[in-house]
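The chain contents come next:
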Amino acid sequence: MELVLNLQFNIDNLSIVFSILSFVVFLTAGIFSFEYMKHEGHHLRYTIFYVLAFFVFQALCFADNLITYYFFFEMLTLTTFPLVLHNGSKEAIMAGLKYLFYSLCGAYMVLFGLYYSSPATNFSFGGYMTNHLASSSANTGSGNLYLICITLMIFGFGVKAGMFPMHAWLPTAHPVAPAPASAVLSAIIVKAGVLGIIRTVFYVYGSDFIKGTFVQTLWMIITLVTVFMGSMLAFREDGLKKRLAYSTVSQVSYILFGLSTFTTEGFDGAILQVVAHGFVKCGLFLCAGAIIYKTGKTKVSELRGIGKQMPVTMVCFTILSLSLIGIPPTGGFVAKWFLAIGSLESGMGIMTWLGPVILLVSALLTAGYLLPVSMRGFFPGDDFDTEKCENFEPNLLMTLPIIVLTVLAVLVGVFPGVIG
């Protein structure tokens, strides 16, 4: 088969959701950057790659075939790679190289499956290869080859989404990147992997061909392992940004788990989680950036009494944390509710009830690694001298984006039908 660079674009509901989400995240984090990057330096270089990454992601959202998607998927890695190594330290360079290596490994896995997937054909919900696969089902060898290709593409795109076992680039890259870059990486860039999986599974091959096969079982198992593992690692981590990075490993696999159920409720919950997590995680990283910018503190153990010094920032941090945990009426609650229902209706045997159990355990762990930050921040204890607390609240350029994201995280839960 000869692969021809056939770049085509189209607008559908899925592309609109991802495009609007990325616009809001890039805009709010960009406004935050105007003040924050005074702390990091090299503002012009950062802005150039930041804007390039935004336009590449927009192109990726509206890609109408796998060739187009793959081209911009690779471009996204190249445009975000400089954001990771921005400060030029040895740690940042090594983190950037790790991000590049992992991303390219995932892209090569996708490339193998791309060869057998009629990549120049336009996306079609239900799978444009459905008829071809049905005729090939009698040929077990051919059918198994396609299932292997699908598995490689899921795991290849899953690298960008932080799915186990190729998740390690997130907790390495996020702590060294500037806070607004970490916000974009965690809220949006990882979703490029999610969108790639959605396009592959639902728009190229079709869920009917995959449902009930070893691909679905393996996919569900790995996502649940990632959900639990990411939450446990976040619970044990003292670095604030690294804790949030491990949280992203867990929370993005909520999305992938919902997709793997192949139910309407699971798919709806996954899309709601895409949006809710985008707003929440961008807001949390911006809160972390505001704390670092104003106080220089990077570890959770250092944040005792921070709520007295930065009350607006920490109120937003608390509300965003509640959404990530899944407390009503936030978007996180609605998304996780649909994900649990999708799991119960998936008909996948032990996975049917194991999914909601792990989601619940993960939610408890999320509460365990986020709420203590707020509790110690607002209630530092009687021996803490509140009278000597300085006001470290950042200016409007930094607080307004955080407030907007906090409000949006709640509105997603109040009006989930707007997204559906």
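Look a little higher up for the structure.
Residues numbered from 1 in each chain as written. Predicted model: local features only at pLDDT ≥ 70, side-chain atom pairs only at ≥ 80, totals over all residues. Heavy atoms only, no water.

A.B. asks: I'd like a rundown of the nonpolar core, residues and numbers included.
C.D. replies: In summary, soluble globular proteins display a tendency toward joint burial of nonpolar side chains. Within the largest apolar cluster, 132 residues are counted, with the highest numbers of intra-cluster contacts made by Phe18, Leu60, Tyr69, Val194, Ile198, Trp219 and Leu259. Those residues within four positions of Leu259 in sequence are excluded, and the remaining contacts are Val194, Ile198, Phe202, Trp219, Gly266, Phe267 and Ala270. Judged by nonpolar contacts, the second largest core, of ten residues, contains Leu224, Leu339, Met351 and Ile358. (Core = buried A, V, L, I, M, F, W, Y, C linked by side-chain atoms within 4.5 Å. Buried < 20%, exposed > 50% of the residue type's maximum accessible area, 1.4 Å probe, protein only. Contact = heavy atoms within 4.5 Å.)

A.B. asks: Give a detailed account of the environment of Leu78, specifying residues and quantitative values.
C.D. replies: Mapped onto the secondary structure, Leu78 falls in helix 3 (residues 66-84). On the accessibility criterion, Leu78 (49% relative accessible area) is partly exposed. Residues Leu78 and His43 lie 35 residues apart in sequence; the distance between their C-alpha atoms is 19 Å. (Helix = DSSP H or I, 4+ residues; strand = E, 2+ residues; numbered from the N terminus.)

A.B. asks: So what's going on with the pattern of salt bridges? Which residues, and what values?
C.D. replies: For the structure on display, the rule yields two salt bridges. Ionic pairing is found between Arg199 and Asp12, a salt bridge with its closest N-O pair at 2.9 Å. One end of the pair, Arg199, is in helix 8 (residues 179-205); the other, Asp12, is in the segment before helix 1 (13-40), and 187 residues separate them in sequence. Assessed through its relative accessible area of 2%, Arg199 is described here as buried. Of the residues examined, Asp12 reaches a relative accessible area of 21% and is grouped as partly exposed. (Salt bridge = Lys/Arg side-chain N within 4 Å of Asp/Glu carboxyl O.)

A.B. asks: Let's hear about the packing of helix 1 against helix 2 (residues 43-61): which residues, and what values?
C.D. replies: Relative orientation of the contacting elements helix 1 and helix 2 amounts to 175°, with a least axis distance of 9 Å. Relative to helix 2, the element helix 1 lies roughly antiparallel. Mapping the contact onto sequence places Ser15, Phe18, Ser19, Ser22, Phe23, Val25, Phe26, Ala29, Gly30, Ser33, Phe34 and Met37 in helix 1 and His43, Tyr46, Tyr50, Ala53, Phe54, Phe57, Gln58 and Cys61 in helix 2. Considering only residue class, the contact of helix 1 with helix 2 consists of 13 nonpolar, seven polar and no charged. (Axes fitted to C-alpha atoms, helices over the stretch in contact; angles between N-to-C directions. Parallel < 35°, antiparallel > 145°, perpendicular 65-115°, else oblique. Nonpolar A, V, L, I, M, F, W, Y, C, P; charged D, E, K, R; others polar.)

A.B. asks: Go over helix 8 with me, naming the residues and quoting the values.
C.D. replies: With 27 residues, helix 8 extends 38 Å between its outermost C-alpha atoms, agreeing within 8% with the 39 Å of an ideal straight helix rising 1.5 Å per residue. In terms of residue burial, helix 8 counts as a mostly covered element, since 27 of its 27 residues are buried. Of the residues trailing helix 8, Gly206 is marked for its positive phi of about 95°. (Expected span 1.5 Å × (residues − 1).)

A.B. asks: Would you mind going over a nonpolar patch on the surface in detail, with residue names and values included?
C.D. replies: A cluster of nonpolar side chains, contributed by Phe228, Met232, Leu344, Ile350, Trp353, Val357 and Val361, occupies part of the molecular surface with about 620 Å² of accessible area. Elements with a minimum of two residues in the nonpolar patch: helix 10 (214-236) and helix 16 (350-378). Looking at which element gives the most residues to the nonpolar patch, the answer is helix 16, with four residues. Along the chain, Val361 falls in helix 16. (Patch = residues over 30% accessible without salt bridge, like charges linked within 9 Å, V, L, I, M, F, W, Y side chains within 5 Å. Areas by Shrake-Rupley, 256 points an atom, 1.4 Å probe, with all protein chains shown as cover.)

A.B. asks: Which residues make up the packing of aromatic side chains, and what are the values?
C.D. replies: A complete count under the given rule lists 23 aromatic pairs for this structure. For the pair Phe125 and Phe202, a centre-to-centre distance of 6.4 Å together with 5° between the ring planes defines the contact as stacked. With Phe125 in the loop between helix 4 (90-115) and helix 5 (130-136) and Phe202 in helix 8, this pair connects stretches of sequence that are 77 residues apart. In this structure Phe202 comes out as buried when scored by relative accessible area, which is 8%. Seen from their ring centres, Phe333 and Trp337 are 6.1 Å apart, and the 35° between their planes marks the pair as tilted. Highlighted residues: Phe333 and Trp337, both in helix 15 (residues 331-344), separated by four residues, approximately one helical turn. The partly exposed category is assigned to Phe333, whose relative accessible area is 29%. Overall, the relative accessible area of 53% leaves Trp337 in the exposed class. Among the aromatic residues, those joined into a cluster by ring pairs are Phe123, Phe125, Phe202, Tyr203, Trp219, Phe262 and Phe267. Against the face of Tyr203 rests Arg199, its NZ or CZ located 4.7 Å from the ring centre. (Phe/Tyr/Trp six-rings, centres within 6.5 Å; stacked < 30°, edge-to-face > 60°. Lys NZ or Arg CZ within 6 Å of the ring centre and 35° of its normal.)

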